[in-house]
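Secondary and tertiary structure notes
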Amino acid sequence: MDGRQGGIMTTAIRYPHAAGFVAGDRPKIVTSRFEHADSFTIERFLATGGYAGLRKALGRPATDIHEEVKSATVLGRGGAGFPAGTKWGLTPQQVFPKYLVVNGDESEPGTYKDRLLMERDPHQLIEGCLIACYAAGLSQCFLYIRGEMALAQERVAAALNEAYAAGYVGKNILGSKFSVDIVLHWGAGAYVVGEETALIESLEGNRGMPRLKPPFFPAANGLYGQPTIVNNVETLANLPWLMVNGSEAYTAIGTKTSPGTRMVAVSGHVKNPGVFEIINGTTTFRDLLYGAEFCGGIRNDNELKAFVPGGGSAPWFTADQLDLPFEASQVGPAGSMLGSGAIMVMDSTTDIPAAALTLTHFYAHESCGKCTPCREGGTWLERILTRIVDGTGTEADLQQILEVGAMICPGDFPHASNEKLGLAAVPFPYKMTTICFVGPSAFAPLHSAITLFRSEFEARLVKRISIPVTAVSTPPTVWA
Amino acid sequence: MSRLNDVNIKTALEIIARYPRPKSALIPLLHLAQEQNGYVTNEAMVHLGELVGVTSAEVYGTATFYEMFRFEPVGKYLVNICGTMSCALMGAGDLMHHAEQKLGVKAGGTTADGMFTLAHAECQAACTEAPTLQVNYRFRYKVTNGDFDTLIDDLKSGKLADEIPAHGVVARIRQRIPADRGVGAVAPGLATENPAWMDGKAAL
Ligand SMILES: Cc1cc2nc3c(=O)[nH]c(=O)nc-3n(C[C@H](O)[C@H](O)[C@H](O)COP(=O)(O)O)c2cc1C
Ligand code: SF4
Ligand code: FES
């Protein structure tokens, strides 16, 4: 079978310069300029309403703008889903300076949206950063882009140079008393640096190892020990539209608890994989996987086996969960999370243990080494699983995986319900013995795979055969 | 010569000045060193330590945490094939196997002529375009075996020299903050009260 069936295009419009993005007939808050080949230039940006949101914001007191963002409930798009306006309010009143650190480190398996937003509309992101600095009284902004994203770095650098020259960034922006620098910073390849406290360590020039929270909640104690707001690229890209159209227009899209739109990447075994700006809160996984305007079904019309609903760290779903909407308050109790808007689809031909291994390998490889359960546990999980995938694992290995997992995440681990298996859901989140989520994430895919597809692991195990020996009452066992 | 050259020292000082503390510039400066020499040399790390005011051991400590930094020469073209889930589901394993045969080296190896280093990579944020690869951090999407062969041939013949610079160069456009437009780094201690626009009134 052609492994690349998923790439075939249908009627949806695709722009070669924004590979993967599919427009469609839906409200566009962050992708409105993607249809233009020159969407990244300041000329196109200004001709399509660019920097109007900033101008509008500067025409009102900063506290008003903060209130507007609060009432819009702009949920963080980096993974945790914390409302941006509320986060900005958590900094101590009388400590200065405060900083903004923009998280453009996108590297969660399956996630592909922030890179598009930086490559295709860098000025929109810059405008969002400026609005955030204005509203929350932040004195300097650092825009941290993943090291491997060469084009995104180039596009954002060029846009910043244009914006400085035109008076949109830097001293006395638009001739006002608002002044802020945006400094382009870039990483050098380390997934864990996407975690906000590791991002700050890395920005201080150190090894990117997460800090303990408490006491290192960035809003209180972040970059150089100062109050620091860390926001995701997509979160900030929402702000210009919000300023122009107002919070009522924003909350009119989506649901009360999940307003607006969000960017979602669907990859793997679907007919038309792609990145979509979807309506938040109401769009379901079934819409995305099977809807004609989205992925149009599973490749070759195969059966769906499983899907990862929210990035590599998320427990897996099966067909039983297809009708859940993009709404955290429903996906959490169902046993997983929405995370970074990344869906990876596995059809009936998928080798489940091998698929789980790619993710367990990823998190084991990306462990920063600060906590033992993650550093050692992740590696153990990978080694044991490799044995099973290679056909040399034993029943004891399967047991050992669950024991090692329990050392990283004690207690019940979240998973989806499954009618066929008679399983009830265990809700998100889990308990953990590690500083950040990398350790648990090495276990999550493996736990889902074993819980939902145990027979596929068992079929791979080296069988334990009893050889009856007449002289001995209890027969010894050997490994064949 | 593997300390930073004069042009790069100038760029380095410009970058350092943007940060409240010089050490923050370390990763960008390590990239600058790698851009100059193709990899990060010991002499460059000593030099960077002098520039930002830390020991060379601290520079080394930071540098070794990050996957993009290389401490010995690699091929002119570093070919990173993604092997994470979405790409694996779409045939990345076969692609890597083919690449190993085409280049005659195993993943992690460099061809005898020093042209290509082949490596496994993790998710490149292009999952819908699987299987993907990056050559010196420039993307190729939905890569077939045939695409791979063409890519290697084109790199060899120099056809892609404009698009894909030699290893070490990542972004070819740098941020430049004009002296008359920049606010300058706001270090802790420099600001002791709310910024000027937080006075309860509109800024414009
Ligand atoms: C291991 C790990 C990796 C993460 N990677 C990213 C990332 O690449 N990009 C991102 O925006 N957030 C990432 N996050 C979430 C950040 O810690 C943080 O919550 C987020 O940037 C806050 O922005 P938001 O509130 O706008 O979502 C990661 C978290 C963890 C634990
Ligand atoms: S959980 Fe893993 S990656 Fe996170 S801090 Fe601990 S060792 Fe580092
Ligand atoms: S899994 Fe290969 S690019 Fe994301």
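Note that the structure is a prediction, hence the values are computed from the model and not measured. (Residues numbered from 1 in each chain as written. Chains lettered and ligands numbered in written order. Predicted model: local features only at pLDDT ≥ 70, side-chain atom pairs only at ≥ 80, totals over all residues. Heavy atoms only, no water.)

Quick notes on the overall build of chain B
Along the backbone of chain B there are seven helices and four strands. When its helices and strands are written in sequence order, chain B yields α-α-α-α-β-α-α-β-β-β-α. Since a compact globule built from 204 residues should have a radius of gyration of about 17 Å, the 21 Å found for chain B marks it as more spread out than a globular shape. Projecting the C-alpha coordinates of chain B onto the three principal axes gives extents of approximately 65 × 45 × 30 Å. The burial tally for chain B puts 54% of its 204 residues in the buried class. Once local pairs closer than 6 in sequence are excluded, the contacts in chain B between residues at least 24 apart make up 66%. (Helix = DSSP H or I, 4+ residues; strand = E, 2+ residues; numbered from the N terminus. Rg over C-alpha atoms; globule rule 2.2 N^0.38 Å. Buried < 20%, exposed > 50% of the residue type's maximum accessible area, 1.4 Å probe, protein only. Contact = heavy atoms within 4.5 Å.)

Some thoughts on the overall build of chain A
What chain A contains, in helices and strands, is 17 helices and 10 strands. Within chain A, the fraction of its 480 residues that count as buried is 62%. Working note: accessible area of chain A is about 16300 Å², and carbon and sulfur atoms make up 56% of it. Measuring between centres, the 39 positive side-chain charges of chain A sit 2 Å from its 46 negative side-chain charges. (Areas by Shrake-Rupley, 256 points an atom, 1.4 Å probe, with all protein chains shown as cover. Lys, Arg positive; Asp, Glu negative; His and termini not counted. Charge placed at Lys NZ, Arg CZ, Asp CG, Glu CD.)

Overview of the nonpolar core
Membership of the largest hydrophobic core comes to 86 residues, with the highest contact counts inside it found for Trp316(A), Met346(A), Phe457(A), Leu29(B), Leu30(B) and Met85(B). With eight residues, helix H16 (residues 438–452) of chain A is the single largest residue contributor to this core. The residues touching Phe457(A), leaving out its near neighbours within four places in the chain, are Ile352(A), Pro353(A), Leu385(A), Ile388(A), Leu398(A), Leu446(A), Ala449(A) and Ile450(A). (Core = buried A, V, L, I, M, F, W, Y, C linked by side-chain atoms within 4.5 Å.)

With respect to the site of ligand 1
All names here are of chain A. Every one of the 18 residues lining ligand 1 counts as a neighbour, but Gly78, Lys87, Asn231, Asn232 and Thr235 are closest to it. Gly78 places a polar main-chain atom, nitrogen or oxygen, 2.7 Å from an oxygen atom of ligand 1. Contact distances for ligand 1 include 2.9 Å between an oxygen atom and a side-chain N or O atom of Asn103. Computed on the free molecule, ligand 1 has an accessible area of 600 Å², of which 90% lies beneath the protein chains in the complex. (Near = heavy atom within 4 Å. Polar contact = N/O pair within 3.5 Å; in protein donor to acceptor, adjacent residues only side chain to side chain.)

Details of the sheet that holds strand E4 (residues 228–232) of chain A
Strand pairing in a sheet is mediated by backbone hydrogen bonds. Such pairs are either parallel or antiparallel. All names here are of chain A. The parallel open sheet is built from four strands, whose spatial order is E3-E2-E1-E4. The strands lining the two open edges of the sheet, one partner per strand, are strand E3 (181–186) and E4. Averaged over all pairs of adjacent strands, the angle between strand axes in this sheet comes to 20°, irrespective of strand direction. In terms of strand pairing, strand E1 (residues 99–104) meets E4 through five bridges, oriented parallel. Bridge pairing links Asn103 to Asn232 in E4. Running over the sheet, helix H6 (residues 122–136) touches E1, strand E2 (140–145) and E3 and is turned about 150° from E1. Contacting E2 and E3, helix H7 (residues 150–165) runs over the sheet at an angle of about 165° to E3. (Pairing = 2+ DSSP bridges. Axes fitted to C-alpha atoms, helices over the stretch in contact; angles between N-to-C directions.)

Things to note about the site of ligand 2
Every one of the 13 residues lining ligand 2 counts as a neighbour, but Cys368(A), Lys370(A), Cys371(A), Cys374(A) and Cys436(A) are closest to it. Of the residues that constitute the shell around ligand 2, the class distribution is eight nonpolar, four polar and one charged. (Nonpolar A, V, L, I, M, F, W, Y, C, P; charged D, E, K, R; others polar.)

Focus on the packing of aromatic side chains
Inspection of the entire model under this criterion finds 25 aromatic pairs over all chains. Plain terms: the ring middles of Phe142(A) and Tyr19(B) are 5.9 Å apart, the flat faces sit at 10° to each other, and that makes the pair stacked. Placement of the pair is Phe142(A) in strand E2 and Tyr19(B) in the loop between helix H1 (6–16) and helix H2 (26–37), with the two residues belonging to separate chains. Across the pair, exposure class does not vary: Phe142(A) and Tyr19(B) are buried alike. Here Tyr191(A) and Tyr363(A) contribute two aromatic rings whose centre-to-centre distance is 5.7 Å and whose plane-to-plane angle is 75°, an arrangement assigned as edge-to-face. Note that Tyr191(A) is positioned in the loop between E3 and helix H8 (196–203) and Tyr363(A) in helix H13 (residues 352–366), a separation of 172 residues in sequence. In terms of burial, Tyr191(A) and Tyr363(A) fall into one category: buried. Note that Arg155(A) overlies the ring of Phe40(A), its terminal NZ or CZ placed 3.5 Å from the centroid. (Phe/Tyr/Trp six-rings, centres within 6.5 Å; stacked < 30°, edge-to-face > 60°. Lys NZ or Arg CZ within 6 Å of the ring centre and 35° of its normal.)

Let's talk about the domain arrangement of chain A
Think of interface size as the accessible area that goes away when the parts come together; that is how it is often given. Residue and element names in this part refer to chain A. Split by domain assignment, chain A resolves into domain 1 (28–252) and domain 2 (261–458). Centre-to-centre separation of domain 1 and domain 2, based on C-alpha positions: 29 Å. With 27 residues of domain 1 at the contact, the number on the domain 2 side is 24 residues. Summed over both partners, the interface of domain 1 with domain 2 comes to about 2100 Å²; 64% of that surface belongs to carbon and sulfur atoms. Remark: the boundary between domain 1 and domain 2 carries 12 residue pairs in polar contact (both at pLDDT 80 or more). Across the side of domain 1 that touches domain 2, the residue classes break down as 13 nonpolar, seven polar and seven charged. (Domains from an automatic or database assignment. Buried area = accessible area lost by both parts, 1.4 Å probe.)

Digging into H16(A)
For the α-helix, the turn length of 3.6 residues means that residues three or four positions removed from each other point alike. Between its terminal C-alpha atoms H16(A) stretches 22 Å, which fits the 21 Å expected from 15 residues at 1.5 Å a residue. With 14 of its 15 residues buried, H16(A) lies for the most part within the structure. (Expected span 1.5 Å × (residues − 1).)

Considerations on the pairing of strand E2 (residues 116–121) of chain B
All names here are of chain B. Judged by how many residues are buried, E2 sits mostly within the fold: five of six residues are covered. The pairing of strand E1 (residues 77–82) with E2 spans six bridges and is classified as parallel. Paired with Cys82 across the bridge in E2 is Ala121.

Considerations on the interface of chain A and chain B
Counting residues at the interface gives 100 residues for chain A and 77 residues for chain B. The junction of chain A with chain B conceals about 7000 Å² of combined surface from both sides, 60% of it contributed by carbon and sulfur atoms. Where chain A touches chain B, the interface holds three salt bridges. Between chain A and chain B we count 42 residue pairs in polar contact (both at pLDDT 80 or more) in total. Looking at which element gives the most residues to the side of chain A that touches chain B, the answer is H7(A), with eight residues. Looking at the side of chain A that touches chain B residue by residue, the class counts come to 50 nonpolar, 34 polar and 16 charged. (Salt bridge = Lys/Arg side-chain N within 4 Å of Asp/Glu carboxyl O.)

A closer look at the pattern of salt bridges
Per the counting criterion, the structure on display carries 36 salt bridges over all chains. Residue Asp397(A) is joined to Arg387(A) by a salt bridge in which the shortest nitrogen-to-oxygen separation is 2.8 Å. Note that Asp397(A) is positioned in helix H15 (residues 395–408) and Arg387(A) in helix H14 (residues 372–390), a separation of 10 residues in sequence. On the basis of relative accessibility, which here comes to 8%, the residue Asp397(A) falls in the buried class. Here Asp153(B) ties to Lys102(B) by a salt bridge, and the two come within 3.2 Å at their closest N and O atoms.

Quick word on the side chain of Ser313(A)
All names here are of chain A. Residue placement: Ser313 occurs in the loop between strand E7 (304–308) and helix H12 (328–331). One polar contact links Ser313 to Glu108, side chain to side chain, over a distance of 2.7 Å. Reaching out from Ser313, the side chain makes a polar contact with the side chain of Ser441 at a distance of 3.1 Å. When residues no more than four places from it in sequence are discounted, the contact partners of Ser313 are Glu108, Tyr191, Met337, Tyr363, Ser441 and Ala444.

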